[in-house]
Amino acid sequence: MQFTYTARNTTGQNQSGELVADSRDDAVVKLRQEGLYLLSLEEAENGSKEKNSISTKSRVSRKDIIYFTNQLAIMVDAGVPVATALEGISKQLENQTLRDILIQIQKNVEAGSDLSSALAEFPRCFDMTFVNLVKASEASGTMPQMLNRIATQAEEEQETIQQVKGALVYPAIMFVMCIGVCIFLLTYVFPKLMPMFAARGAAVPAPTKAMIFVSTMITSYWYLILLSLVIFVAGLFYIRSQAWGKSAFDWLIIRLPIFGTMLKKLAISRSIRTLATTINAGVPMLEAIQLSAGVNDNIHFKQSWEDISEQVTTGKQIHEALEGKTLFPATMQQMIASGESTGRLGMVLNKLSDYFDRDVKVAIKSATTLIEPIMVVCMGSIIGFIALSMLLPIFTLSTSH
């Protein structure tokens, strides 16, 4: 089998390449023997045809993965062999893609592969955190408990993500409604009033002149506005696809008023929860930190965790590596320092993750509470200004006769 990998060498530099190995585990062993710290490992494109055909089908949702994990935990805990459990679960699934994946995993397990190695063949469904936790449970004989923990963590993350999306949906709907009302007033109502103002020779106030200009632009040059929007959106996508653009976007996102704080706390919560789960499962410290970096979409948090990993590699403790990291609160460093000094880091990380989970929920509630009156005021001001622009000439006409 041929694999592509990304790893960190002894000098701390990242390097990528390809190697041939009998299995994924053999590839990991070879890389470690070369003094490389593995960051990612995937089978090359010329790998299994069956795997590639599966990966091109419809995506597998997080909900499907949670259901599978819960079912597997129950069946393994009841003493059902893993291969038999996979076969039983695959027959119950409605998602054809996941069903095909489980059938392939079942075949690999029956052929002698570990469950973790079989899961690792499908990184789009089972990320490195999932695979490493299963691998740790295989070594410790705690697979049912670990699968339950993975499912619980995934459910909590899904719930939090849904709450964040819910907090963002309301202002999005309000914004679309505001734009719709404004376009209706400027393209339908305003053009009907303008001939009346012109016929009666009414003095046109400055706000009305501004709205007449906007109305004329929308009705007469709508195609230019549409083209400008398309170019603007395409430009944003292009900029975000660049490394410097993503860095700028991610920096801006966590500094937005109201939502920036919420998204920042969400990123910290996911990292700490992953770190707590992996360390308590017996995953080596460096791998646990790397997995914590991997769950972050924000490049600044990811870089901070990677820097922490590099400093831990040199012999520093986590709380020492956190010094100067402005993205993380001081309480986090203090609690981790306490856990490291007392030898109870796992327990402290669990408490810390629970604290940040609660903090995220409070931030979501606060954001939702604040955004409603702000959006109402903004919408009222914009629509009110347009309405006032239409009424001012009418008032002028009524007072001049």
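All values reported here derive from a predicted model rather than from experimental measurement.

Novice: Hey, could you go over the overall build of the chain for me, with residue numbers and the actual values?
Specialist: Along the backbone of the chain there are 17 helices and three strands. Looking at the 401 residues of the chain, the share that counts as buried comes to 40%. For the chain, restricting intrachain contacts to residue pairs at least 6 apart in sequence, the fraction spanning at least 24 positions comes to 62%. Surface summary for the chain: the accessible area is close to 21400 Å², and the carbon and sulfur share equals 61%.

Novice: Outline helix 4 (residues 82–92), listing residues and values.
Specialist: Among all positions in helix 4, only Val82, Ala83, Ala85, Leu86, Ile89 and Ser90 are buried. One face of helix 4 carries all of its buried residues, which in axial projection span an arc of 160°.

Novice: Go over the nonpolar core, please, and point to the residues and values.
Specialist: With 62 residues, the main nonpolar core has Leu72, Leu86, Ile105, Leu115, Phe126, Trp305 and Met332 as its most contacted residues. Beyond its immediate chain neighbours, meaning those up to four positions away, Met332 contacts Ile268, Ile272, Trp305, Leu322, Leu352 and Phe356. The next biggest cluster of nonpolar side chains, apart from the first, holds 22 residues, and it includes Val164, Ala167, Leu185 and Ile386.

Novice: Report on the pattern of salt bridges, specifying residues and quantitative values.
Specialist: Counting across every chain of the model gives eight salt bridges. A salt bridge links Arg273 to Asp354, with the nearest nitrogen and oxygen atoms 2.9 Å apart. Of this pair, Arg273 sits in helix 12 (residues 259–280) while Asp354 sits in helix 17 (residues 345–400), placing them 81 residues apart in sequence. Classification of Arg273 by relative accessible area gives buried; the value is 12%. One connected set of salt bridges, linked through shared partners, spans Glu156, Arg273, Asp354 and Asp357.

Novice: For the confidence of the model for the chain, give the residues involved together with the corresponding values.
Specialist: Low pLDDT means the predicted atomic positions in that stretch should not be read closely. Across the chain, pLDDT averages 82, with 89% of residues at or above 70. Counted against residues more than four places away or in other chains, residues 46–53, with its pLDDT under 50, gives nine contacts.

Novice: Describe the packing of helix 10 (residues 222–241) against helix 11 (residues 243–253), with residues and values.
Specialist: Direction vectors running N to C along helix 10 and helix 11 enclose 100°, while the axes themselves pass 5 Å from each other. What the angle tells us is that helix 10 and helix 11 run roughly perpendicular. Of helix 11, the residues touching helix 10 (which contributes Leu236, Ile239, Arg240 and Ser241) are Ala243, Trp244, Gly245, Lys246, Phe249 and Asp250.

Novice: Lay out the packing of aromatic side chains with the relevant residues and their values.
Specialist: Summed over the entire model, instances satisfying the criterion amount to seven aromatic pairs. Look at Trp222 and Tyr223: their rings are 5.9 Å apart centre to centre, the planes differ by 85°, and that puts the pair in the edge-to-face class. Owing to a relative accessible area of 51%, Trp222 belongs among the exposed residues under this scheme. Its guanidinium or amino end placed over the ring of Tyr188, Lys192 lies 4.9 Å from that ring's centre, counting from NZ or CZ.

Calculation criteria
- Numbers given to residues run from 1 along each chain, matching the order in which its sequence is written.
- With the structure being a predicted model, the display of local features is reserved for residues of pLDDT at least 70 and the display and counting of side-chain atom pairs for 80 or more, all residues being used for whole-chain, interface and lining totals.
- The side-chain quantities take in all heavy atoms of the structure and omit both hydrogens and water.
- The way it works is that DSSP assigns letters per residue, a run of H or I at least four long becomes a helix, a run of E at least two long becomes a strand, and they are numbered from the N terminus.
- Only protein chains enter the area calculation, which uses a 1.4 Å probe; residues under 20% of their type maximum are buried, those over 50% are exposed, and those in between are partly exposed.
- The contact rule is simple, with two residues in contact once any of their heavy atoms fall within 4.5 Å.
- The protein chains shown are the only cover counted for residues, whose accessible areas, like all others here, come from Shrake-Rupley with a 1.4 Å probe.
- This arc is built from the directions going out from the helix axis to the C-beta atoms.
- The term nonpolar core refers to a set of buried residues drawn from Ala, Val, Leu, Ile, Met, Phe, Trp, Tyr and Cys, joined through side-chain atoms within 4.5 Å.
- By convention in these notes, a salt bridge is any Lys or Arg side-chain nitrogen within 4 Å of a carboxyl oxygen on Asp or Glu.
- Summary of the metric used: pLDDT quantifies the predictor's per-residue confidence within the range 0 to 100.
- Axis geometry follows a simple rule: fit a line to the C-alpha atoms, using only the stretch in contact for helices, then measure angles between N-to-C directions, giving values from 0 to 180 degrees.
- Just so you know how the angles are binned, under 35 degrees is roughly parallel, over 145 roughly antiparallel, 65 to 115 roughly perpendicular, and the rest oblique.
- Note on ring pairs: Phe, Tyr and Trp rings are taken, using the six-membered ring of Trp, and paired if centres are within 6.5 Å. Classes follow the plane angle, with under 30 degrees stacked, over 60 edge-to-face and the rest tilted.
- When the NZ atom of lysine or the CZ atom of arginine is within 6 Å of a ring's centre and also within 35 degrees of its normal, the charge is said to sit over that ring.

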